[in-house]
Amino acid sequence: MQLKNFEYKQYEGDKREWTVEPASFGPINLLVGKNASGKTRTLNVIAALAQLLAGKRQALGTGDFKATLVTPNGKRFVYELSMQKNLVNREYLSCDDEQYLTREGPGPGKIKTEPNGEMADFQIKSNQLAIFSKRDSLQYPFLEKIAAWAEGTEHYEFATLFGPNAIGNPGMIISEGQFKDPEKTLSRDFAHREMLQLLVAAAIDRYGDAFKKSIITDMNKVGYELDDIGIGVLSEISISPPPIGIWVKEHDLQCNTEQNQMSLGMFRALSAVIRMNFPQFTNVPSAVFLDDVGEGLDFERSVGLIKILIEKAEKGGFQLFMTSNDRFVMNEVPLKYWSVIVRMGSSVKVKNYENSRDEFNKFEKLGLNNFDYFVANSSQT
């Protein structure tokens, strides 16, 4: 299942109002725009909707979502949610124009039951989402499809989360005793997916050399020549319990390079490659969000990483969202994957092949590079 359409309004009619106008997305999406245009915020609100649907965000907040999710066989689920001060005002779900769930204010609401298709009454608290609270694979199997998409989304900040010294944060310290349940670690609802060490250890435990070889091959394509990768105690950090981290064997070095010894660029690239390999092996993520992709990498490695990310998304069957205003990244991603973010006041508009194909095609005939298209659109705002 993939996100096809999305729109959002927050604090409508208030001085804090902020809007994402109706936008369409494809399997691969690069969000580009000037600083403060709304790239990161747009990515964040899409990820926030997924967290709400998966039950991973308790405070509902204030805002109105409308999203269309399309299954591999073409079924279109349209979900609408209106919230005010952590209470649900309206919740609606349809599939191919047939009503599946409806709820106004405190309720009661109605939901389609299986297998007879009748609309049954239900009543839940106003601070709960019916689409999450009513999950029942027997009576409401369609809710499991929505949940699988929501639980399978992963959101990463390339420029901040991927730090080799994050192991120094008490919340990121992993000890040997935590490597007990690789199956749970790799599950889609695992609560600590930012723990890269745990994910790598679990993947190596289950998939062995095949997983390691895939990481090594991709890193070589990015521009980092590796011979091996593994998990072990970080020898230069003296804390208790001894911290566990990732190590790699670089081709031109005799010793291993431990996580805290890697350059920031190398570790970010390694982290991205590792996370992009998980769909290939686990078939878990439905969508991956990467904010500021390529930040801190040189030209060659930035280009190499982007090629790998697109390749993984095309083969892995997951939807890829990236943001950037780096010209290296822009020139490497085909315009057909672009979503240009244009902000006018508090309103954000997304311009892409779906709604501006003639404009995109006309520009491509000029023979200019992709960054020139970005500059032209930036000068219009």
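What counts, and where the lines are drawn
- Residues numbered from 1 in each chain as written.
- Predicted model: local features only at pLDDT ≥ 70, side-chain atom pairs only at ≥ 80, totals over all residues.
- Heavy atoms only, no water.
- Helix = DSSP H or I, 4+ residues; strand = E, 2+ residues; numbered from the N terminus.
- Buried < 20%, exposed > 50% of the residue type's maximum accessible area, 1.4 Å probe, protein only.
- Contact = heavy atoms within 4.5 Å.
- Areas by Shrake-Rupley, 256 points an atom, 1.4 Å probe, with all protein chains shown as cover.
- Salt bridge = Lys/Arg side-chain N within 4 Å of Asp/Glu carboxyl O.
- Pairing = 2+ DSSP bridges.
- Phe/Tyr/Trp six-rings, centres within 6.5 Å; stacked < 30°, edge-to-face > 60°.
- Lys NZ or Arg CZ within 6 Å of the ring centre and 35° of its normal.
- Core = buried A, V, L, I, M, F, W, Y, C linked by side-chain atoms within 4.5 Å.
- Expected span 1.5 Å × (residues − 1).

Draft legend 1. Spotlight on the overall build of the protein chain. Across its full length, the protein chain holds 11 helices and 17 strands. When burial is assessed residue by residue, the protein chain has 52% of its 381 residues classed as buried. Considering only intrachain contacts with a sequence separation of at least 6, the fraction spanning at least 24 residues in the protein chain is 58%. Within the structure as shown, the protein chain displays about 17,300 Å² of accessible surface, and the carbon and sulfur contribution to it stands at 47%.

Draft legend 2. Spotlight on the pattern of salt bridges. Under the criterion given, the structure shown has 19 salt bridges. The salt bridge involving E98 is made with K112; its shortest N-O contact spans 2.7 Å. Placement of E98 in strand β7 (residues 98-104) and of K112 in strand β8 (residues 109-112) is noted, with a sequence separation of 14 residues between them. Look at E98 and you get partly exposed, because its relative accessible area is 38%. Among the salt bridges present, the one from K315 reaches E311, with a minimum N-O distance of 3.8 Å. With a gap of four residues between them, K315 and E311 both fall in helix α8 (residues 299-316), about one helical turn apart. Using a relative accessible area of 24% as the deciding quantity, one classes E311 as partly exposed. One network of salt bridges, with partners in common, ties together E80, R90 and E104.

Draft legend 3. Main features of the sheet that holds strand β13 (residues 257-258). In space, the three strands of this open sheet follow the order β11-β12-β13, with antiparallel pairing throughout. Each edge of the sheet is formed by a strand with only one pairing partner; in this case those strands are β11 (226-233) and β13. Pairing of β11 with strand β12 (residues 244-250), which is carried by seven bridges, proceeds in the antiparallel orientation. For I229, the partnering residue across the bridge sits in β12 and is V248.

Draft legend 4. A look at the packing of aromatic side chains. Evaluation of the coordinates by the stated rule reveals 11 aromatic pairs. For the ring pair Y8 and F65, a centre distance of 4.7 Å and an interplane angle of 45° mean the geometry is tilted. Placement of Y8 in strand β1 (residues 2-10) and of F65 in strand β4 (residues 63-70) is noted, with a sequence separation of 57 residues between them. The burial state of Y8 is the same as that of F65; both residues are buried. Taking the centre distance of 5.4 Å and the plane angle of 70° together, the rings of F211 and F281 count as edge-to-face. Of this pair, F211 sits in helix α6 (residues 209-222) while F281 sits in helix α7 (residues 264-282); the two residues are 70 residues apart in sequence, bridging distant segments of the chain. In this structure, F211 and F281 share a single accessibility class: buried. A network of ring pairs unites the aromatic residues F6, Y8, W18 and F65 as a single cluster. Above the face of the Y11 ring, R16 is positioned so that its terminal group lies 3.9 Å from the ring centre.

Draft legend 5. Quick look at the nonpolar core. If you look at the biggest cluster of nonpolar residues, it comprises 58 residues, and the most contacted ones within it are I274, L320 and W338. Ranked by the residues each element gives to this core, the list is headed by α7, at 10 residues. Aside from chain neighbours lying at most four places away, what touches I274 is L196, V200, F211, I215, I229 and I246. Counting 49 residues, the second-largest nonpolar core is a separate cluster that includes Y8, L69, Y79 and F142.

Draft legend 6. Broad picture of the environment of K212. Position of K212 among the secondary structure elements: in helix α6. For K212 and I229, which are 17 residues apart along the polypeptide, the C-alpha to C-alpha distance reads 6.4 Å. Setting aside chain neighbours within four positions, we find K212 in contact with I204, D228 and I229.

Draft legend 7. Local environment of helix α5 (residues 196-207). The first and last C-alpha atoms of α5 sit 16 Å apart over 12 residues, in line with the 16 Å expected at 1.5 Å per residue. Extensive coverage of α5 is indicated by the burial of nine of its 12 residues. Those residues of α5 that fall on the buried side of the exposure criterion are L196, Q197, L198, L199, V200, A201, A202, A203 and Y207. Two residues or fewer after α5 comes G208, characterised by a positive phi angle close to 60°.

Function cannot be inferred from these measures alone, as they are strictly geometric.
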